[in-house]
Amino acid sequence: MSSNTPPLAVLVKGWPRLSETFIAQELVALEEAGQAFEIWSLRHPTDVKRHPLHDRLQARVRYLPEYLYQEPGRVWAARTTAQALPGYGEAYRVWRADLRRDPSRNRIRRFGQACVLAAEAPAEVLGLYAHFLHTPASVARYAAIMRGLPWSFSAHAKDIWTSPDWEISEKLSSQHHGAAFGATCTAFGARHLQEMSDDPTRIDLIYHGLDLARFPKPPARKWRSAKDPLKLMSVGRLVEKKGFDRLIAALALLPPELDWHWTHIGGGGLNDLLQDMAEDAGVSQRITWRGACDQPEVIAAMRASDLFVLPSRVAADGDRDGLPNVLMEAASQLLPILSTPVSAIPEFIDSGAHGLLSKDDPEALAAALLSLAQQPRMAQNMAEAALERLRRDFGMDPGIAQLVARLDAMLQGS
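Let us look at the structure shown here. Counting restarts for each chain, with residues numbered from 1 along the sequence as it is written. Note on the predicted model: pLDDT of at least 70 is required for a residue's local features to be given, and 80 or more for side-chain atom pairs to be given and counted; whole-chain, interface and lining totals, by contrast, use all residues. As a convention, hydrogens and water are excluded, and side-chain values are obtained from all of the structure's heavy atoms.

### Some remarks on the sheet that holds strand β7 (residues 203–205)
Pairing between strands is defined by DSSP: at least two bridges between the two strands are required. We count a stretch as a helix when DSSP gives it H or I for four or more residues in a row; a strand needs E for two or more, and each element gets its number in order from the N terminus. With parallel pairing, seven strands are arranged side by side in an open sheet as β3-β2-β1-β4-β5-β6-β7. Of all the strands in the sheet, the pair left with one neighbour each is β3 (61–63) and β7. Going across the sheet, the axis of each strand differs from the next one's by a mean of 25 degrees, ignoring polarity. In the sheet, strand β1 (residues 8–14) pairs with strand β4 (residues 127–131) via four bridges, with the strands oriented parallel. Note on β4: the bridge partner recorded for A9 is L128. In this analysis, two residues are considered to be in contact whenever any of their non-hydrogen atoms come within 4.5 Å of each other. Axes here mean lines fitted to C-alpha atoms, for a helix over just the part in contact, with angles spanning 0 to 180 degrees between N-to-C directions. Along the sheet face, helix α5 (residues 105–120) touches β1, β2 (37–43), β3 and β4 and points at about 155 degrees away from the line of β2.

The following block contains the structure:
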């Protein structure tokens, strides 16, 4: 094997992405632990800003055709090469069976990208590892079948809860060229995947955790009194599952004598709709929409705020958060937290001990906001407890060691 050609190919949806810093954190940690790999990205970057973690990664990044029509010569050449691989016929059969149940352009694109990956990945590649169980895992699975290689995945949230059961079950089945192993970042998600797998031991719970070394120590906070203004903040994409529509409605229910201001960080498709909602609710003058920010800007905002709010909920299509890393980031800065008991959030926050978890309706959120505003000592105690729990139970290193062991075993064929 060439000394400079890594044996592992890592598939991601896009690189780099500000909204997926948990992936960047993991990949940087894997690299620093001695795991060599190249990144294969299904999409080109769209974010204007970068996270400092992206600049720390040394791995080579390759881009697959984002849309097949954009690189027809590359795609057709790759398919010709792929057709000569011993596993192409089986991969084609598996893909056709998938296409009958999911007759979409996305499914066609997955196979084309898999052909390019199988054709262009160096001969030294011994295994594939995909972040997200939906599209990236499909590309990895088809390419792995073509090349006769093992593949694995890390599942997160949307990919678990919006993928059809038949697809997840087959990706977890030895009889259907399933993954050598799968990692997921919440106990809630791990239980679900273990129930769907023909071998539950192939699924590992590996919390992302937080690399506290890349965060400043928490500030020496001057805790507010009940009469002081309340500085709220949130970080999250402007999408349905984040629940910001209900937070805006909750803010409109707060008593007029409470002096509050909410700052939101993040982009997303609901930006115009939510700003219109705030205008209609009469609270737009108390809201600052900052858009996408880099990590230093996020941390600075956390250090200047009094309460972090993440009103996550289950979207109409079943999409939901897992355990958002931003909650741990808030805890690292001794920032009190208000969230909801959706998915795996209670795995980090025990309501009343490490923060408050409210129902996601506006009335309940407003009551929780008012309670925290009026009881700053309670908020302080919970913030201190959350920081202690973060340091004790949610460090990054144990999960990285577990993942390295799994990847090494896959690459060694054991």
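### Concerning the sheet that holds strand β12 (residues 337–339)
The strand order across the open sheet formed by six strands is β10-β9-β8-β11-β12-β13, and the pairing between neighbours is parallel. Two strands in the sheet have a free side with no partner beyond their single neighbour: β10 (287–289) and β13 (356–357). As paired elements, strand β8 (residues 230–235) and strand β11 (residues 307–310) share two bridges and run parallel to each other. Bridge pairing in β11 places L232 opposite L307.

### Thoughts on the pairing of β8
Summarising burial for β8: five of the six residues are buried, a large majority. As defined by bridge partners, β8 adjoins strand β9 (residues 260–265) across six bridges and the pair is classed as parallel. If you follow L232 over to β9, its bridge partner there is W262. Orient the strands so they point away from the viewer; a crossover is then right-handed if the path from the first strand over the helix to the second runs clockwise. Crossover handedness for the path β8 to helix α10 (residues 244–253) to β9: right-handed. Buried means the residue's accessible area, taken with a 1.4 Å probe over protein chains only, is under 20% of the maximum for its type, while exposed means over 50%, and partly exposed covers the values in between.

### Topic: the pattern of salt bridges
Whenever a carboxyl oxygen of Asp or Glu lies within 4 Å of a side-chain nitrogen of Lys or Arg, that contact is scored as a salt bridge. Taken as a whole and assessed by the stated rule, the structure comprises 28 salt bridges. As a salt-bridge pair, R17 and E20 come within 3.1 Å of each other at their nearest N and O atoms. For R17, a relative accessible area of 17% gives the class buried. Through salt bridges with shared partners, a single network forms among D98, R101, D102, R107, R110, R141, E167, E170 and K171.

### Section: empty space enclosed by the protein
Put plainly, a pocket is an open set of points on a 1 Å grid over the protein atoms alone with protein on both sides within 12 Å along at least five of seven lines, a cavity is a set where a 1.4 Å probe fits but cannot get out, and a lining residue has an atom within 4 Å of a point. Grid points are joined across faces, edges and corners, and a volume is the space filled by probe spheres set on the points. A full pass over the atoms with the stated rule returns four cavities of 30 Å³ or more. Quantified by volume, the largest cavity comes out at close to 110 Å³. Taken together, 13 residues make up the lining of the largest cavity; nearest its centre are E26, I206, Y207, H208 and I400. Of all elements in the fold, only α1 (21–32) and α16 (397–411) reach the threshold of two or more residues within the lining of the largest cavity. Classification convention: Asp, Glu, Lys, Arg as charged; Ala, Val, Leu, Ile, Met, Phe, Trp, Tyr, Cys, Pro as nonpolar; all other residues, Gly among them, as polar. In terms of residue class, the lining of the largest cavity is built from eight nonpolar, four polar and one charged. The volume enclosed by the second largest cavity comes to roughly 40 Å³. Along the walls of the second largest cavity sit V12, G14, W15, R17, E20, I23 and H54, which together make up its complete lining. Its residues assigned to classes, the lining of the second largest cavity shows three nonpolar, two polar and two charged.

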